[in-house]
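Next come the chains, spelled out residue by residue.
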Amino acid sequence: MSESPMSEEFHDWLDKCPVNWIRDQVDKDWVKYCFETPEKKLCHIVDLKGIVIYEDEWDSTRIIIQRDGCEDDLEFTRDDIVKTTEENE
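Residues numbered from 1 in each chain as written. Predicted model: local features only at pLDDT ≥ 70, side-chain atom pairs only at ≥ 80, totals over all residues. Heavy atoms only, no water.

Novice: I'm lost on the overall build of the protein in this one. Help?
Specialist: The helix and strand inventory of the protein stands at one helix and four strands. The globule rule puts the C-alpha radius of gyration for 89 residues at 12 Å, and the 26 Å found for the protein is more than 25% above it. Taking the principal axes of the C-alpha coordinates as reference, the protein spans close to 85 × 25 × 20 Å. The burial tally for the protein puts 8% of its 89 residues in the buried class. Sequence separation of 24 or more characterises 14% of the internal contacts of the protein that already satisfy a separation of 6 or more. Of the accessible surface of the protein, which amounts to about 9,100 Å², a share of 48% is contributed by carbon and sulfur atoms. (Helix = DSSP H or I, 4+ residues; strand = E, 2+ residues; numbered from the N terminus. Rg over C-alpha atoms; globule rule 2.2 N^0.38 Å. Buried < 20%, exposed > 50% of the residue type's maximum accessible area, 1.4 Å probe, protein only. Contact = heavy atoms within 4.5 Å. Areas by Shrake-Rupley, 256 points an atom, 1.4 Å probe, with all protein chains shown as cover.)

Written out as structure tokens, the structure is:
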């Protein structure tokens, strides 16, 4: 494909573009770039409640979410504690 006749400033901007793109065609009077149209997805925010972690298990507990075969840890700290109770063993 021919070298782009576009300015260096344009190419600097293009290098920072957050969207995937390709240079499709170059003609003597114009250059055609194509930009990917990102797919929009619905996001659902889930507030998990009722998870019990005993004090002696706190440091060894992980909460994991699995999506499409990939696992991610759900981060939590003691600031996330909403209630503390005592139970008989």
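From this point, the discussion proceeds with the structure in view.
Novice: Sorry, what's going on with unusual backbone geometry here?
Specialist: At Asp68, a residue that is not glycine, the phi angle is positive and equals roughly 50°. Residue position: Asp68 is located in the loop between strand E3 (64–67) and strand E4 (70–73).

Novice: Sorry if this is basic, but what is going on with the layout of surface pockets here?
Specialist: Where empty space is left can be seen by rolling a probe of water-molecule size over the atoms. In this model, the largest pocket occupies a volume close to 1,100 Å³. If you trace the largest pocket, you find 28 residues lining it, with Ile51, Val52, Ile53, Ile81 and Lys83 closest to the centre. A breakdown of the residues in the lining of the largest pocket according to their chemical character gives twelve nonpolar, five polar and eleven charged. (1 Å grid on protein atoms, 1.4 Å probe; cavity = no way out; pocket = protein on both sides within 12 Å on 5 of 7 lines; lining within 4 Å. Points joined across faces, edges and corners; volume = space filled by probe spheres on them. Nonpolar A, V, L, I, M, F, W, Y, C, P; charged D, E, K, R; others polar.)

Novice: Would you explain the pairing of strand E1 (residues 21–26) in this entry?
Specialist: Remark: a regular strand shows side chains that alternate across the two faces of the sheet. With five bridges connecting them, E1 and strand E2 (residues 31–35) associate as antiparallel partners. Its bridge partner lying in E2, Gln25 is registered against Lys32. From the end of E1 to the start of E2, which pair antiparallel, there are four residues. (Pairing = 2+ DSSP bridges.)

Novice: Looking at this model, I keep getting lost on a nonpolar patch on the surface. Mind explaining?
Specialist: A cluster of nonpolar side chains, Val46, Leu48, Ile51 and Leu74, forms an exposed patch at the surface whose accessible area comes to about 370 Å². Along the chain, Leu48 turns up in the loop between E2 and E3. (Patch = residues over 30% accessible without salt bridge, like charges linked within 9 Å, V, L, I, M, F, W, Y side chains within 5 Å. Salt bridge = Lys/Arg side-chain N within 4 Å of Asp/Glu carboxyl O.)

Novice: What's the story with the pattern of salt bridges in this structure? I'm lost.
Specialist: Where charged atoms from two side chains of opposite charge come close, those side chains can pair. Within this structure, the stated rule accounts for five salt bridges. The partner of Lys32 in a salt bridge is Asp24, with the nearest N and O atoms 3.4 Å apart. On the accessibility criterion, Lys32 (36% relative accessible area) is partly exposed. Note on Asp24: relative accessible area 27%, which makes it partly exposed. Put simply, Arg67 and Asp72 hold a salt bridge, and the shortest N to O gap is 3.1 Å. The class of Asp72 is partly exposed, set by a relative accessible area of 36%.

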